[in-house]
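Summary of structural features
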Amino acid sequence: MPIEFRSGYSNAPCQDEAGEGESNDSLPVFYSKESFSMSNIQAVVVDPTASGRLALREVNSPTPLPNEAIVRVAAISLNRGEVRRSTTAEAGWQPGWDLAGTIETVAADGSGPSQGTRVVGFVRSGGWGELVAVPTNAIAQLPESVSFAQASTLPVAGLTAYHVLKQGGLLLGKSVLVTGASGGVGHFAIQLARLSGAKVAAHIRTPDYEALVKAAGAQAVVLGEDLPLESEHAPYDLVAESVGGKTLSAALGSVAQDGVVVSFGTSGGNEVTFNAQRFYGVSNGARLYALMLFHELKHESASVGLQRLLNLVAAEQLKPHIALEAPWTQVADVAQQLLDRKFVGKAVLHVG
Ligand SMILES: NC(=O)c1ccc[n+]([C@@H]2O[C@H](COP(=O)([O-])OP(=O)(O)OC[C@H]3O[C@@H](n4cnc5c(N)ncnc54)[C@H](OP(=O)(O)O)[C@@H]3O)[C@@H](O)[C@H]2O)c1
């Protein structure tokens, strides 16, 4: 008899902190071993009865839309947003944004890479499966020297850093502050800001990570649980801000005239109070930009940024910091370690 997981699943629009919008996923159905057939695959799903709520289960093979290719997944990486959501998501929800693998079936409309091409891909959910349907405008081809593991770190963390920095326009000679600099996005943002010719300061809350952010390219380190309002490195033309709370408040007091604070995360707190008089009175012309990756990708498809990031990795100008690699059977344990900040850098899981 099939295991009944259907009832807990909702196909209703959902929104979480990484900007996930409406899902087009078909209803997942989980089967017992006895009913397994060639049309089933293994995937990571939310199972409230499993330790850590994440487990490998058999689900239906994906049915691609005409503009989607089927990717046989080799490596996935985890992000804070999807892991946090899986702690409360309904039974049957399939997390997973970042994946890398090989094109198994070319898109029916003929778009995208040919069969057997090594690719990285980005989906709105359900990317942590053996086979995944990926829109071809969210796929990029791997240069020969880039591994599946390296590529899998790029979709959410790399693309978010890339789109945050785009908000600053030409960064040559400008001053950039990256908060949450020891995080997955922060580490990419430091490197990309340096590659753009900016002067980069990194805000971290523990001295343990000073060497890490300096190695990524930060010329200055701002240390402390809270971001100080006054700093020798301020004001900043662009603040890449992912901590929220008091940190966002201080960032709004540290932005240069005509500068921008790009708010894209609230790892440290959702609620913010700030000195509005200082903001408009001192930082004339500055703005606060609310960044959701999925919104940015409406204006430029993911494949564009992914290809740029891959080329930088191939040229060894951009170095993903992979802190942990493990088989995907350990997904629940690795997800918990990520939530607890037990490692610094990206976690990559190998599929199969
Ligand atoms: N809007 C979007 O589209 C979008 C896209 C991607 C990510 N995000 C969000 O952006 C944030 C950063 O993402 P990420 O992948 O870089 O996360 P991550 O790898 O988990 O890194 C979190 C960073 O925030 C710092 N931090 C400061 N206060 C913290 C606190 N109270 N709890 C946890 N971390 C704290 C951490 O410092 P330590 O190293 O000292 O722990 C670390 O530098 C997350 O909130 C994520 O959900 C949003």
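Position numbers for residues start from 1 in each chain and track the written sequence from start to end. Note on the predicted model: pLDDT of at least 70 is required for a residue's local features to be given, and 80 or more for side-chain atom pairs to be given and counted; whole-chain, interface and lining totals, by contrast, use all residues.

Another point: the overall build of the protein chain. Along the protein chain, the regular secondary structure elements total 10 helices and 15 strands. Burial is judged by counting the other C-beta atoms within 10 Å of a residue's own C-beta: 20 or more makes it buried, 12 or fewer makes it exposed, and any count in between marks it as partly exposed, with every C-beta position built from the backbone. Scored against the burial criterion, the 352 residues of the protein chain give a buried share of 47%. Two residues qualify as a contact pair if the distance between their C-beta atoms, derived from the backbone, is within 7 Å. Contacts in the protein chain between residues far apart in sequence, at least 24 positions, make up 68% of those at least 6 positions apart. Numbering goes from the N terminus for both helices and strands, where a helix is a DSSP run of H or I of at least four residues and a strand is a run of E of at least two.

To continue, consider unusual backbone geometry. The peptide bond linking Ala 234 to Pro 235 adopts the cis configuration, its omega dihedral lying at 0 degrees. Assignment of secondary structure puts Pro 235 in the loop between strand S10 (220-223) and strand S11 (236-241). For Arg 53, which is not glycine, the phi dihedral falls at a positive 65 degrees. Structurally, Arg 53 can be placed in the loop between strand S1 (40-46) and strand S2 (54-60). Look at Asp 258: it is not a glycine, yet its phi comes out positive at around 60 degrees. Mapped onto the elements, Asp 258 comes out in strand S12 (residues 255-263).

The pairing of strand S14 (residues 322-327) with strand S15 (residues 346-350) spans five bridges and is classified as parallel. Bridge pairing in S15 links Pro 327 to His 350. Following the backbone out of S14, through helix H10 (residues 331-339) and into the adjacent parallel S15, one traces a crossover that is right-handed. Two strands are said to pair when DSSP picks up at least two bridges between them. Classification remark: right-handed applies to a crossover when, strands pointing away from the viewer, the course from the first strand over the helix to the second runs clockwise.

Our next topic: the environment of Lys 214. Examined against the element boundaries, Lys 214 turns out to sit in helix H5 (residues 210-216). What makes Lys 214 partly exposed here is the crowd of 15 C-beta atoms within 10 Å. Taking C-alpha positions, Lys 214 is 9.0 Å from Ile 190, a pair spaced 24 residues apart along the chain.

This brings us to the packing of helix H3 (residues 154-166) against helix H4 (residues 184-195). Axes here mean lines fitted to C-alpha atoms, for a helix over just the part in contact, with angles spanning 0 to 180 degrees between N-to-C directions. At their nearest, the axes of H3 and H4 sit 8 Å apart, and the two run at 50 degrees to each other. Comparing the axis directions of H3 and H4 gives the class oblique. Crossing handedness for the pair H3 and H4: right-handed. Taken together, the residues of H4 that come into contact with H3 (itself represented by Ala 157, Gly 158, Thr 160, Ala 161, Tyr 162, Val 164 and Leu 165) are Gly 184, Val 185, Phe 188, Ala 189, Leu 192 and Ala 193. Note on residue categories: nonpolar means Ala, Val, Leu, Ile, Met, Phe, Trp, Tyr, Cys or Pro, charged means Asp, Glu, Lys or Arg, and polar means any other residue, Gly included. Of the residues assigned to the contact of H3 with H4, the class counts are 10 nonpolar, three polar and no charged. When an angle is under 35 degrees it counts as roughly parallel; over 145 it counts as roughly antiparallel; between 65 and 115 it counts as roughly perpendicular; any other value is oblique. Note on convention: near helix rotated counterclockwise from far helix by under a right angle means a left-handed crossing. Clockwise means right-handed.

Right, let's get into the sheet that holds strand S13 (residues 287-290). Reading across the sheet, the six strands line up as S10-S9-S8-S11-S12-S13 and stay open at both edges, with parallel pairing between neighbours. What marks the edges here is a single partner per strand, and that holds for S10 and S13. With strand direction ignored, the average angle separating the axes of adjacent strands in the sheet is 20 degrees. Where S12 meets S13, four bridges bridge the pair, whose relative direction is parallel.

Another aspect to go through is the site of the ligand. Around the ligand sit 31 residues in total, of which Gly 180, Gly 183, Gly 265, Gly 268 and Leu 293 are the nearest. Listed by contribution, the elements that provide at least two residues to the shell around the ligand are helix H1 (80-86), H3 and H4. Boundary definitions for the domains trace back to an automatic or database domain assignment. Each of domain 1 (6-155 + 317-350) and domain 2 (168-290) gives at least three residues to the shell around the ligand. Whether a residue is near a molecule or strand depends on its C-beta atom, generated from backbone atoms, being within 6 Å of that molecule or strand.

This next bit is on the packing of H3 against helix H9 (residues 302-314). The geometry of a pair of packed helices is captured by two quantities: the angle between their axes and the separation between those axes. At a closest axis distance of 10 Å, the pairing of H3 and H9 adopts a crossing angle of 90 degrees. Here H3 lies roughly perpendicular to H9, going by the angle between them. For the pair formed by H3 and H9, the contact residues are Leu 154, Pro 155, Gly 158, Leu 159 and Tyr 162 on the first element and Ala 302, Gly 305, Leu 306, Leu 309 and Leu 310 on the second. Grouping the amino acids of the contact of H3 with H9 by side-chain chemistry returns eight nonpolar, two polar and no charged.

Most of helix H6 (residues 245-252) is tucked away: six of the eight residues are buried. Listing the buried residues of H6 in full gives Thr 247, Leu 248, Ser 249, Ala 250, Ala 251 and Leu 252. On its buried face, H6 is in contact with S11, S12, helix H7 (276-282) and S13.

This part takes up the confidence of the model for the protein chain. Interpretation of the predicted coordinates at a detailed level should be avoided for regions scoring low in pLDDT. Confidence of the predictor at the level of single residues is captured by pLDDT, which takes values from 0 to 100. Residues with a pLDDT of 70 or more make up 89% of the protein chain, whose mean pLDDT is 90. Residue range residues 1-37 is modelled with pLDDT below 50. Its contacts to residues more than four positions away, or to other chains, number 69 contacts.

Every helix has an expected span of 1.5 Å times one less than the residues it contains. Helix length check: H9 (13 residues) gives 18 Å between terminal C-alpha atoms against 18 Å at 1.5 Å per residue, within 8%. Of all the residues in H9, the buried ones are Ala 302, Ser 303, Gly 305, Leu 306, Leu 309, Leu 310, Leu 312 and Val 313. Against strand S5 (118-122), strand S7 (139-141), helix H2 (148-152) and H3 lie the buried residues of H9. Just beyond H9, the residue with positive phi is Glu 316, at close to 60 degrees.

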